[in-house]
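# Close look at the chain arrangement
What follows is each chain in one-letter form.
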Amino acid sequence: MNKITRKGATVEIAISKALQELNVTRDEVEIDIVDEGKKGFLGIGARDAEVSVSLKQQNSLLKNEEMQPEEPVQPSDPVIAEPIEESNPLEETIEEDRSAGEMNVNGDEEAIRDTEAYLTAIAKDMGIHDLKIEHEMEGKYISFQLQSEKASFLIGKRGQTLNALQQLAQLVTNKKAGQFKVVRLDVGDYRQRREQSLEQLAERMADQAVRTGRKVQLEPMPSYERKVIHNALSNRLDIETYSEGTDPNRYLVIEPLY
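Computed from a prediction, not measured in an experiment: that's the story for all the values here. (Residues numbered from 1 in each chain as written. Predicted model: local features only at pLDDT ≥ 70, side-chain atom pairs only at ≥ 80, totals over all residues. Heavy atoms only, no water.)

Moving on to the nonpolar core. Ranked by internal contacts, the top residues of the largest apolar core, which has 35 residues, are Leu19, Leu131, Phe144, Leu146, Leu154 and Leu185. Every element with two or more residues in this core is listed here: α1 (11-22), β3 (49-55), α2 (89-125), β5 (141-147), α3 (151-155), α4 (160-176) and β6 (182-187). Dropping the residues within four chain positions of it, Leu185 is found in contact with Leu119, Phe144, Leu146, Leu162, Leu165, Gln166, Ala169 and Arg191. Listed in part, the 14 residues of the second largest apolar core include Val216, Leu218, Leu233 and Ile239. (Core = buried A, V, L, I, M, F, W, Y, C linked by side-chain atoms within 4.5 Å. Buried < 20%, exposed > 50% of the residue type's maximum accessible area, 1.4 Å probe, protein only. Helix = DSSP H or I, 4+ residues; strand = E, 2+ residues; numbered from the N terminus. Contact = heavy atoms within 4.5 Å.)

Attention now goes to helix α5 (residues 190-212). With 23 residues, α5 ought to run about 33 Å at 1.5 Å a step, and its terminal C-alpha atoms sit 32 Å apart, in line with that. Among the residues of α5, those classed as buried are Tyr190, Arg191, Arg194, Leu198, Ala202, Met205, Ala206 and Ala209. Positive backbone phi, approximately 75°, marks Gly213, located one or two places after α5. (Expected span 1.5 Å × (residues − 1).)

Before going further, it helps to examine unusual backbone geometry. The phi torsion at Asn23 lies on the positive side, around 60°, for a residue other than glycine. Looking at where Asn23 falls in the secondary structure, it is placed in the loop between α1 and β2 (29-35). Although it is not a glycine, Arg158 sits at a positive phi angle of roughly 50°. Secondary-structure assignment places Arg158 in the loop between α3 and α4.

Two elements in contact, α5 and helix α6 (residues 223-232), have axes separated by 9 Å at closest approach and are oriented at 50°. As far as their axial angle goes, α6 and α5 are oblique. Our pair here, α5 against α6, has a crossing hand that is right-handed. On α6, the residues that touch Arg191, Arg194, Glu195, Leu198, Glu199, Ala202 and Glu203 of α5 are Tyr224, Glu225, Val228, Ile229 and Ala232. Partitioned by chemical class, the residues of the contact of α5 with α6 number six nonpolar, no polar and six charged. (Axes fitted to C-alpha atoms, helices over the stretch in contact; angles between N-to-C directions. Parallel < 35°, antiparallel > 145°, perpendicular 65-115°, else oblique. Left-handed = near helix turned anticlockwise from the far one by under 90°. Nonpolar A, V, L, I, M, F, W, Y, C, P; charged D, E, K, R; others polar.)

With that settled, the discussion passes to the pattern of salt bridges. Tallying each qualifying case throughout the model produces 15 salt bridges. For the salt bridge of Arg194 with Glu225, the shortest nitrogen-to-oxygen distance reads 3.0 Å. Taken together, the positions of Arg194 in helix α5 and Glu225 in helix α6 put the pair 31 residues apart, joining distant regions of the chain. Here Arg194 and Glu225 have matching classes, each one buried. (Salt bridge = Lys/Arg side-chain N within 4 Å of Asp/Glu carboxyl O.)

Mapping Ala46 onto the fold places it in the loop between β2 and β3. Given the relative accessible area of 46%, Ala46 is considered partly exposed. Taking the C-alpha atoms as reference points, Ala46 and Ala9, separated by 37 residues in sequence, lie 9.0 Å from one another.

A word on α1. In this model α1 runs 17 Å from its N-terminal to its C-terminal C-alpha over 12 residues, within 8% of the 16 Å that 1.5 Å per residue would give. Where the residues of α1 are buried, they touch β1 (3-8), β2, β3 and α4. Following α1 by one or two positions, Asn23 has its phi on the positive side, about 60°.

Below, the discussion takes up empty space enclosed by the protein. The full count for this structure, using the stated rule, is one cavity of 30 Å³ or more. The space that makes up the largest cavity amounts to roughly 40 Å³. The wall of the largest cavity is formed by Leu119, Ile122, Ala123, Met126, Leu131, Leu146, Leu154 and Leu165. No other element matches the three residues that α2 contributes to the lining of the largest cavity. Residues of the lining of the largest cavity, tallied by class, amount to eight nonpolar, no polar and no charged. (1 Å grid on protein atoms, 1.4 Å probe; cavity = no way out; pocket = protein on both sides within 12 Å on 5 of 7 lines; lining within 4 Å. Points joined across faces, edges and corners; volume = space filled by probe spheres on them.)

Here the focus is the sheet that holds strand β7 (residues 216-217). Across the sheet, three strands lie side by side as β7-β9-β8; this open sheet has antiparallel pairing. The open sheet is flanked by β7 and β8 (239-244), the only strands paired with a single partner. Pairing between β7 and strand β9 (residues 251-256): two bridges, direction antiparallel. Note that in β9 the partner of Gln217 across the bridge is Val253. Across the sheet, α5 touches β7, β8 and β9, and the angle it forms with β9 is around 40°. (Pairing = 2+ DSSP bridges.)

Written as structure tokens, this is what we have:
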């Protein structure tokens, strides 16, 4: 699959979705904006943006190597058998594991450097020149903490910009990482405050669903935010929660059981 067309709430979200599906970075594709979309007024008349993303063509030349004929062994030359050194399978296995571990560490470090450079470049394009990045790696998780005087620009409305940056950073990181990594981006304590806000919203909407006897549909959210609400309401016996729709417009439904 060399070319795909995807839609999203914004052009950047549509591009991010296409890049994630193709498993490539932005500099490896050509992007054609089919429709810039429309926000509408209070959701009325809104239209998703649409982009066409295609892989750049890369031509490679294969060189044929001529095999040089082996020189025949002269009968007069004595053939001396060299002693064969016995290999130790255990030592070979340990050496292979050590080499693989070093490659993973080097790959992870390079992946982190590339991701930080990528985020810095995007920030500069957004007019942010004071971006500071700190990272922390724990197992398969890499957390990047962003700091700037223009933090609100990095977050965007309801975290949409931050979520898009996180998806792009995930792609960049896994191009070089030794093994698959889950990337988390945060600005200040935004993620924590957002989770608290979602938990409070979940309880209010659940109470409303029970009080009115009607199911409540929440706004479209990324999967991890829907998971926060699922977890917040998992112990309630008077409602059930489930998701409907397709990303990036997938949303959560709270339905009363009685």
